[in-house]
Structures are given as C-alpha cells and as structure tokens.
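The residues making up each chain are set out below.
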Amino acid sequence: MSSSLQSLELLLAFLSRSYTTLETNFYKIPGSAVVARYVKSSHQNDPGRTLLEVILIIFAIRTLLQSRTRGDQSGKHFIQFDEKEIDELVEEWTPEPLAQPLTPQEQADLASVPVIVGPTGPKPKLASGKTVINLASYNFTGLAGNEEIKASAVDTLRKYGLGSCGPPGFYGTQDVHIRLEQDIADFLGTEAAILYSQAFATISSVIPAFGKRGDVIVADRGVNFAIQKGLQISRCTVRWYDHNDMESLEHVLETVEKERKKRRAPLTRRFIVTEGIFDNDGAMADLPKLVELKKKYKYRLILDESISFGSVGRTGRGLTELYNVPASEVDMLVGSCATGLASAGGFCAGSHIVVNHQRINGTSFVFSASMPAALTVAASEGINILRNTPSILSTLQENIRAVRAILDRADYITIPSHPASATIHLQIRWPTLQLPMHASHSSSNKPSNPLSVKPRDPPQFDVELEERLLQDIVEEALSQGVMVTRAKRLRGQELVEVRPSIRLAVTAALSRKDCEKAASVVKAAFAKVVGRRR
Amino acid sequence: MPSRPSPIAFQSAPLTQSIFKKKSASGLSTAASYLNAVSAADARARTRGSAASSTASTPALSMSSSATSSSEDTVLDERQDFTDGLSYPRTPPTSSQVFTTVHSEFGHCGNEDYRYTSRHRAGTPYESYPEQDPPYYILLTTYISYLLVICLGHLRDFVGKRFRHVNYRHLLPWNGYAALNSDFDSFYTRRLKLRIDDCFSHPVTGVPGRTIMLLDRYSTDYNKTMIPTGTRTRALNISSYNYLGFAQGNGPCADAVETSIERYGVSSGGTRLEGGTLDLHQQAEALVARFMGTEDALISSMGFATNSNIIPGLVNKGCLVISDELNHASIRYGVRLSGANVRMFKHNDMQALERLLREVISQGQPKTHRPWKKILVIVEGLFSMEGTLANLPVIMELKKKYKFYLFVDEAHSVGAMGPNGRGVTDYFGVDPNSVDILMGTFTKSFGAAGGYIAGKKAVIDRLRIQGHSFTYAESMTPPVLTQVIASMASIMGITMPAEKPHSSPSLALLRSSSNEAALAMSEADVVPGTAPASALPSWMPLSPVMIDGSDGRHRLSRLAFNARYLNRGLRKLGFITYGNDDSPVVPLLLFHPGKMAVFSRMMRTRQIPIVVVVVAYPATPLVTSRVRFCLSASHTKEDIDIVLRACDEVGEVLDLKQAPGERWPVEEIISRAVEIVRAPKMP
C-alpha cells in the first residue's frame, strides 16, 4: 500500500517537474508569452470556446492520423467476422479463371492475322509464301524500306547503340530526340514539339496532362479509342457532339456556355477534342470551322492527326497544310511518327508552354524510356524526304483517286471516308430491301443529348454478321493476291460501337495500275461475298 | 600516373577554354600521354578488327555526335580520354587479354575474382536491409527546408503576379481562357523543381553505356532556359538502365540489328492485328516465352503501354486489384483504365497483405458484398526507387491459400536478377509457371525498347484479343525486335541444330498454325533452356560468345558482383541506403531537397565526372529524397571504386553518413572488395 503511494508521489513529482521545465522552455520561445496571454484571456471570457478549440484540435489530429485507404473497417458496410469465419469464407471463395479461353470464332480471328515474312512494304511476302499487294499496312508515303532511312538508321545504331536506356528526365534525352522534336516543330510550323515513344500512348497522355477534374471537354462522338481512354483518365466533364457535325458542335458549345452562366460557375479550362482524319471511318474534320468556333467560344483545340499527318497536304504536313490553317492555331496537335513517317512513336506539337507542361505532366512521356535513337533519326530523315519530295504526296493522292474511282461506284460498298483520305473504310451497303428501316424517323431534328455519348438515332447494324462477311471478303481478296484488313475494334470496350468496315491504307509506293488492280479485286470480293447472300 | 584536370570540369565551361585545350592537346607533350595514345591505338585496332563489318565512317571508338563527325570532335574526345580512364583503360591490357568491347561502352575487366552469382540463398527468409531512420535533426531540417522554399515560392508568386505580370500570364485566366495550368498545380514544378533543373533532363549523345557523353549546358536565367555550350563531357554513367550492358554500338547484338535494318528497314507498318505482324514478332514472342520458361508470351512496343494497355484486358468491374503502394505509374494507369477496384498495401509488408486479403475476401465487393470475380495482386519484382525485391516466397504461399492471381512487373528485375538472369523467379528459385502473369520490359536489361507479358497460353491469347495493344497500338519495329532476340539469345546461349535436331523445328513453325509449338517447348526443356538456332532468324549473324552463352554468363556475373559491391560498400561507408544487397538499383538517402542538387553537381564536376539520378517528391515520400545508382555489367571494379571514393568525399561534405554501425575507410573497402561481396552476411 505504502509502496504504491510512494510511487504515486514520485510520479506526481515527476509530472510537476516536467511541467515546470515545459513551462520555462515554452516561455523561452520568442512570442510565446503573447500566445499564453491570448489563451488565458480567451478562456476567461468564454470557457466554452476553449473546449471547442480542444475538440477541434483533437479532430484535426484524428483526421491526420486516419488511414487514407478507402473502405477501412469503420465504414457502415463493414461486417465484423471472427477469424474462423474468415477462414471459411476464404475457403469457400472460388475466383473466376484469370482469362476465359478463346471461343472458336476468336481463335479463327487470331489465326487469320496475316504474317509478313521479311520486310513490310507495298508487295510483301506472306507466311503462306505468296507475294501480295499490300493495302493493309500503314505506309502512306512509301517510306518503309527507304534506303536513305536505312543508311542513317544504321549509322545512328553504331553511334548510339539501340535503346536509350532511360526516361527523358534521367539521361534519356539524346541530341537526336531534341533534333526530331525541332524537325517536327519546324515542319508543322509550331513553336515546339514533344516526342512520345508510342503513338497510341500519346493522346491518352496529352489529354489528362491538361484536362483535370472540373474542366470541360467537348468531343466528337466518333473519336478513336486512344482519345476515349484519355478522356476517361482525365476525369473531365465531357460533352459530346455529333460525329463531324459542326452545327452540332456549335450547339453544344452554346449549351455549355449557357449552363456555365446559369450556374455562375468559375472559368475552367475548355477543350475541343477531335481528329483530323477519323481513325474509325476516314471522315475529315472541317479545320477552318473548328478554329473559328474554338476562337469564338474561347476553347483550346486538341487535334489528333495520327492518320492525317504524313498523308494529306502538299508535303504531308496534314490538315493544317491542306486547309492552309497555321498550325499555331491548333493548341495541341498530336500526330504519329509510326504511321506518318514509317518509324515509331508519336508527338504533340504546340507552343513552348504547352510542350514544356507535358515534359513534367505527360504520364507516358515522364515514365517511359525515350525512343531508340535509330528510330528517331529515321523519323527525322522521313521528314526531310517529305519536305524535299512533294511528288510523293501527289502520287499518293493520285493512287487514292484511282482506288476511289473504282470503289465509289461499286455495289454493296459504302465509303464514309473523305475523298482525300489515305485510309478508306469500306462498309457493307445492303441492298435496299434488307436495309433495317431506321432512317425514316431520324428526320426529327431534335439534337442529341450532349451528356451522352450515344447519338439520338444510332445507326443500326449487325456487328457479328457484318464482321463475318467482311472477314470473308478479306480472305477472298487475299486469295486473289491483295492484302486488306478489317478495321479491328475491341467490341464492348468502345464507347460507341463502330460500324464494321474494311480499312484500306493506300500507299504512294504502289503504281497506279497496281492500285487499280487491287481495288478491282476488293470490289469483286464484295460483290461475290455480299452478292451471294441475296 | 599523372592526371591532369578534366578539360571541362564545370558545366558552364566557356567555349574558348575548350579551344585552348584542343590546341594543347595536339602536342601530346608528356611521356604518359604518349604511352596512353599507343595503348589506345592498339585497343582501337583490335576493336576495328573484330567489328570488321561495321560501316561506321567514324572510328568505332570515337563516340562523336551524329551530324558532324569532324576531326575537331575526335580531337576533343581523345584529348579528354587520355587522362580519366573513361574511354581507355588506365592500364593497357596484357598481351594475353583480348577485349572485344569498346571500353567506354563496356568496360574491360579481366579479373575473374570480380564475379558473383545473384541468387537467393535457399531456405532463408527474404529480408531487405532494414530501413534506417536518420537522426531527428535531419528530418526536422528537411521539413524546415521544404517549408522555407515553399514560403519563399509563394512570396515570389505574390510579388511577381503584381509587378511582373507578363511572366505569369499562362498561369492566370486571360482573354476569356482559363489558365492552361493553374499556378497551384504547377507550384511544385516552378518553385521547387526549377531550382535544381540542371540535374534533370540533361541532354546526352552517344551510347548510354558504361560512360555517357553529356552535352554541356548552362543557364543565365535560373534554369528557365538552358543554353548549350557546344562542348561535351564524357562522364561515368551510373544512371542508365543498362543492367546487362547491352547498350552498345558495337558487338554481336549491334551487328545483328544492323543486318536486320538492312533487311527489314525500320518500319513494321501498323498494329499487330491489322497487317503489322512480321515473322520477327512471332520469333521474338516464342523466344521470350522460352526465356521466361512460360507457355507463351506477347510483346508490345512500349514498356509503359504494356501495363497500361494489358491490365484492362485482365480485370474489369467486379474485380479487385491489390497493389503495392510503391507500384509504378504505368500499373496505376492501367488499373484506372480497367475500372476494377483497387486496394493498396504497405510496401512489401506481407502481414499487411494477408490482413488485407482476409478483409477483402470476407467482405466481398463494397456495399453489395458479392464475392469478387477475381483478385489480382500486382507487385514489382524489383522496385526501381527502393531497390527492394518482391517477397516472392511468401507471396507464393499466400497465393496458395487465398487463391488470388499474381502479376509480377519485372521491368527492372528481368535480366538483372537471378543466376540465369530470368528475374525474381529465378533469383528465388520459384517456378515461373506458378506466377500467373510475368510482365517485363526490354528497355532495361536488353538495351532495346518495349515490353512483354508471359504466362499461360490461354491467358496470353486472351490478352492478344482483349488487351488494347494488339488492336490499336503500333507493333514493335524490326530493329528493336532484333535487339531483343539477339540479346536474349546471348544470355541463353544457342543450341546449334547438329546437337539437338529433334526439338527445334516446331519452334520455327508459326504460332497460328501450330499450338503444339508452345507446349513442346515447355515440356522438352527445363528452365533455363537455351535458344535453338532454328528459333532465331536464319539471317542473323551469330558470334561464338553468343552461342556458348559465355557472353551472357560474363555479363550476369559482373553485374552481380558490381551490385553487391556497391550496396555493401556504401553501407560500410556509413550511408543510409535501401534495398536488397543483390539489387542493381542502389538508392542512397539524401533527405534534404537542397542536397540533391549539390550532390548531383559535385559528382558531375569531379575530375572524373559521374552522372547520377536524384529523385525526390513526388516519386518518393517527401522526406526521403535520394540519389539512385543503377549498376551495369559494363562497369569495372575500378568504376565502382571511383563511385565509392566520390561518394565518400561528397558524403563527408554533405553530412550524409548517418547510418549507425561499424564503418570502414574507403581504401579498406576497396582493397577488401572481394571479401565484402562473397561474405554471406555483410562483414
């Protein structure tokens, strides 16, 4: 008893001693006297306030210490189990298999992918041993296999090795990357450009670098998958306008502005996101109108030129050259060196501010190794060739015209693509009797809901049937020595189902005669496969 | 040997100085430099002889820049090379030693003692070196220095916005446009990172091998713009992800790539499913599967995109991803795209993981309490900022009990860990087929680019159909594919047809036509198997060192030695470092943000310049700013000595040696290197 009393006394003594040291130390801190006086007087005036403040402090500390992961045990949906029950639940749980085995259809799809043996080009050799006319691979300007490019790539390989072995921030920025960025900027006429090491990963990184939660993005309903993923990551408020419909765009811009004024919301960043030539159907955006609208409503324009760069314009500079719009009017111009320059990677061109911002905020730029030097120099060389040889682009356009001349008039084929587009999408045109009658009630000119990605009157089509027929056409064409491909899409993952099509990629490397021959083969294949069904 | 100061010892060396140096260089005044010149010329002649097919118009050894390889550059290079031992060895090789590599790319090291095998000792639990906390005054001053810089930054913003409006225009609403990046979002970049921007994104040229050529630059406006001086500095490169030293402009891999460029060009022409599949893709995929010891594999043209495009094909709504808190940005990106739920556990804390597993399995999906469709645990094999390894033995046990699927991101560990370079599964002796998804990149160990996913055939085929890569992303280009094939074959060794005629033909068959190919492969050979010659492109030049696998073994054993030596050496010096002893990634803790810049500059401006990577928030927690060394098989023991000496000096100046425990002087560490490395426990 006495011992416990003694220890208590000791404890009290210790407490009082530590209190005094604390007090003296506290008063040594300059300005502490003021604080103490303030606390004392406030307590005198209003003891309730002291209590309130103490509670506040405790609350603040608790919030700070709280675990930040979601779904912790304090949630109201949490059910308490004891260890044995958990063991049983663990025992019971059977997960789904990691991957569903492929269906026979999917297996056939995978097996039908043509394999090129040796170099790709206008007339590659396939694994079957056949040499075919290639209207499937992207090689618009025929730069694939160019001897000058090969020579400079080999030269670069010997000086730089292959890989860059580091992200751009950590000694992965080589002088060749700086030079290609400069080349792209000069070629397009922008202040600067930034190089990403995969074209597909470019725009899905550019959009979230600028668009944050609360910002507004007005996007075309027909944008490609990469843009869709960029929009998803950005967490912006997205409004949709009808595919390539400038009136619909203006209407949506108007609504957004009205809405903002009504809610008296603060000014946020606003972007229009669309493609130059659409990956999904080859339609071409009306760039002058886009620029006019973006200026009128004070939006910034993010334009994906992955298909149009290196395929339209006098020297292949893309839509800006075709429409004679200065590239500086487009705030973020995204393009592909892989498609347009037959090398690898993608880029975003714009002002210094736009580009430098991405050097820190472009996720797939910062966290990825920079492009191999040899491929970078190959792209630089490609720009050089395009700049000096305008005849390439005129040949390409002639070839496109030749192909279109044959296919435009063909039965069973609808072409939604722009006449100048080097990618030509061929959809099945059903003979009128079999056409599902949806066009009649679309006459109501009520605009689509901008909040939903689905248009008001979505076109009706049977994906499975059309894909199967198109695949038959692809194989029929292949047996006739022409390699074409279906435009492959991830069904179920795209926001709007894209109408199945065969996508031709016309190249300047083929002669006009070959192009005509190939187009005739495709036309005949359509007639054979679709015509047979009648 | 008398060593003169490096001509460009400082970053902002004016142009005139280098001209002066160039003139004096032509004289070859001292006897030592003459001798050096002779030995250099010898080495050069040898290299040229071995790489006879090289078309390079410049001497193979002078790594001068692309555009102009004028004699001026060569002189500049050689003048510098003679003194610092970076381009040519300080001691010329004896007549019995023949080195076929370029010393500046892949160092000459003939001493067989400086070799080691990276392997987890069976039967012992895996433990990383315990993380040590610095003294409290370090933490306190670190916080204070952040506070100081942040306050100062806000003050400057406040004043600047009022008096120098033009500079802030892009941060403020203007003419009806909202600011492109709000000043709040960019505050960290503008006010903290900009101060030390000279340590980031340094432009380089040439091979990022053992040494790297920096393009010097300076700034007159506090790092807002960087002006190139036009001069170059060769520096010891302990920063690039070049674990096995395959970043080479010469040698068998580069020869193979050259042949492939001449044959294939540089383009593959589109996405894999739309006319962008070459025979090389199938050969590379079959080889990757064989290398990893799995049924099948797929490759993608970008490492980051491998994760971000493939994870959405694996999991979706109703699935749960359990992710280590320090997982790479690409994993988070992919998981976000997939729409699956995410939970995180404390880095490498297996108890936390088990607690979490018990919780999520028993609770099921939030609100509905339905059971999860599947649970995918994602960890990295080797964490690139920590140097720690995933605790695979324990995870495998948990996997058996809790039935989750395991995704191991081996971006840094593949090639770099394990006695055969097969990554963490090899290091721990775990069957690679028991891990569901093995992901990795070719950027780091293989000196290429892009990434792969290896696993069961059913899973890989599903990912080919359902991941984003094959449908939408451009396929890998032929030069990169060839580098992958050549470097991988080099590590594996090659079985020539005469030795093993029966097992090979199936591989050459195309995957689409035969499913047996993959199966036959996994049955016929135990991991690690060699690459049958028929699995390689027939036109590929094969060198003897590739065929017998000696090149690969040499690289692996040198990397293992270097990693262990630097890890333990730094600890013996008293530095706080993180990670596993065998990790080729060595983070050294600096704590103070201010020390990052000073450390980097002091290393770069030494007599033998060393380039280092400094990282801080947001890549690391706020207080644990660090410098990260990435070792390579191309480094020689002397290179590590140089790094240790440099760290010793700089660490003394910056008060970095904060770890408790016994310390050795740097010279003792250097002389007892072999003993330090071979000891099972650190002496």
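Scoring rules and cut-offs
- Residues numbered from 1 in each chain as written.
- Chains lettered and ligands numbered in written order.
- Predicted model: local features only at pLDDT ≥ 70, side-chain atom pairs only at ≥ 80, totals over all residues.
- Heavy atoms only, no water.
- Core = buried A, V, L, I, M, F, W, Y, C linked by side-chain atoms within 4.5 Å.
- Buried < 20%, exposed > 50% of the residue type's maximum accessible area, 1.4 Å probe, protein only.
- Contact = heavy atoms within 4.5 Å.
- Helix = DSSP H or I, 4+ residues; strand = E, 2+ residues; numbered from the N terminus.
- Pairing = 2+ DSSP bridges.
- Axes fitted to C-alpha atoms, helices over the stretch in contact; angles between N-to-C directions.
- Salt bridge = Lys/Arg side-chain N within 4 Å of Asp/Glu carboxyl O.
- Patch = residues over 30% accessible without salt bridge, like charges linked within 9 Å, V, L, I, M, F, W, Y side chains within 5 Å.
- Areas by Shrake-Rupley, 256 points an atom, 1.4 Å probe, with all protein chains shown as cover.
- Lys, Arg positive; Asp, Glu negative; His and termini not counted.
- Charge placed at Lys NZ, Arg CZ, Asp CG, Glu CD.
- Domains from an automatic or database assignment.
- Buried area = accessible area lost by both parts, 1.4 Å probe.

**Remarks on the nonpolar core**
Counting residues in hydrophobic clusters, the biggest one holds 254 residues, and the most contacted among them are Phe526 of chain A together with Phe599 and Phe629 of chain B. Contacts of Phe526 of chain A, omitting those with residues within four sequence positions, involve Tyr412, Ile413, Leu426, Gln427, Ile428, Leu470, Ile473, Ile502 and Gly531 of chain A.

**Looking at the environment of Gly129 of chain A**
Residue and element names in this part refer to chain A. Within the element layout of this structure, Gly129 appears in the loop between β2 (125-126) and β3 (133-134). Residue Gly129 is classed as partly exposed on the basis of its relative accessible area, which comes to 45%. When the C-alpha positions of Gly129 and Leu102 are compared, they lie 28 Å apart, and in sequence the two are 27 residues distant.

**So, the sheet that holds strand β12 (residues 423-428) of chain A**
Residue and element names in this part refer to chain A. Judged by pairing direction, the sheet is antiparallel, and its 4 strands sit side by side in the order β11-β12-β15-β14 without closing on themselves. The open sheet has two free edges, formed respectively by β11 (413-414) and β14 (485-486), since each of these has just one partner strand. In terms of strand pairing, β12 meets strand β15 (residues 502-505) through 4 bridges, oriented antiparallel. In the strand pairing of β15, His425 is matched with Arg503. Set on the sheet, helix α18 (residues 391-407) makes contact with β11, β12 and β15; between it and β12 the angle comes to about 10°.

**Considerations on unusual backbone geometry**
Residue and element names in this part refer to chain A. Although it is not a glycine, Asn244 adopts a positive phi angle of roughly 55°. Tracing the sequence through the fold places Asn244 in the loop between β6 (237-241) and α11 (246-263). The exposure class assigned to Asn244 is partly exposed, which follows from its relative accessible area of 23%. The residue Lys298 is not glycine, and still its phi comes out positive at about 60°. Along the chain, the position of Lys298 falls in the loop between α12 (287-296) and β8 (300-304).

**Comments concerning the pattern of salt bridges**
Residues and elements named next belong to chain A. Going through the model one piece at a time under the given rule, you end up with 61 salt bridges over all chains. The partner of Glu257 in a salt bridge is Lys261, and the shortest N-O contact between them spans 3.8 Å. Highlighted residues: Glu257 and Lys261, both in helix α11, separated by 4 residues, approximately one helical turn.

**Remarks on a positive patch on the surface**
A surface patch of positive charge is lined by Arg156, Arg164, Arg195 and Lys224 of chain B. Exposure remark for Arg195 of chain B: the relative accessible area of 39% places this residue in the partly exposed category.

**What to know about a nonpolar patch on the surface**
Residue and element names in this part refer to chain A. Taken together, Phe26, Tyr27, Ile29, Val35, Tyr38 and Val39 make up a surface patch of nonpolar side chains, about 550 Å² in accessible area. Residue assignment for the nonpolar patch shows that the elements contributing at least two residues are α1 (2-28) and α2 (32-45). Mapped onto the secondary structure, Tyr38 falls in helix α2. Overall, the relative accessible area of 45% leaves Tyr38 in the partly exposed class.

**Quick look at the domain arrangement of chain A**
In many analyses, interface size is given as the accessible surface area lost on bringing the parts together. Residue and element names in this part refer to chain A. Each domain of chain A was delimited in the assignment, giving domain 1 (104-144 + 391-433 + 447-532) and domain 2 (147-389). For domain 1 versus domain 2, the distance between C-alpha centres works out to 25 Å. With 35 residues of domain 1 at the contact, the number on the domain 2 side is 33 residues. Here domain 1 and domain 2 share an interface that buries about 2,800 Å² over both sides, 60% of which is from carbon and sulfur atoms. Here domain 1 and domain 2 share 0 salt bridges between them.

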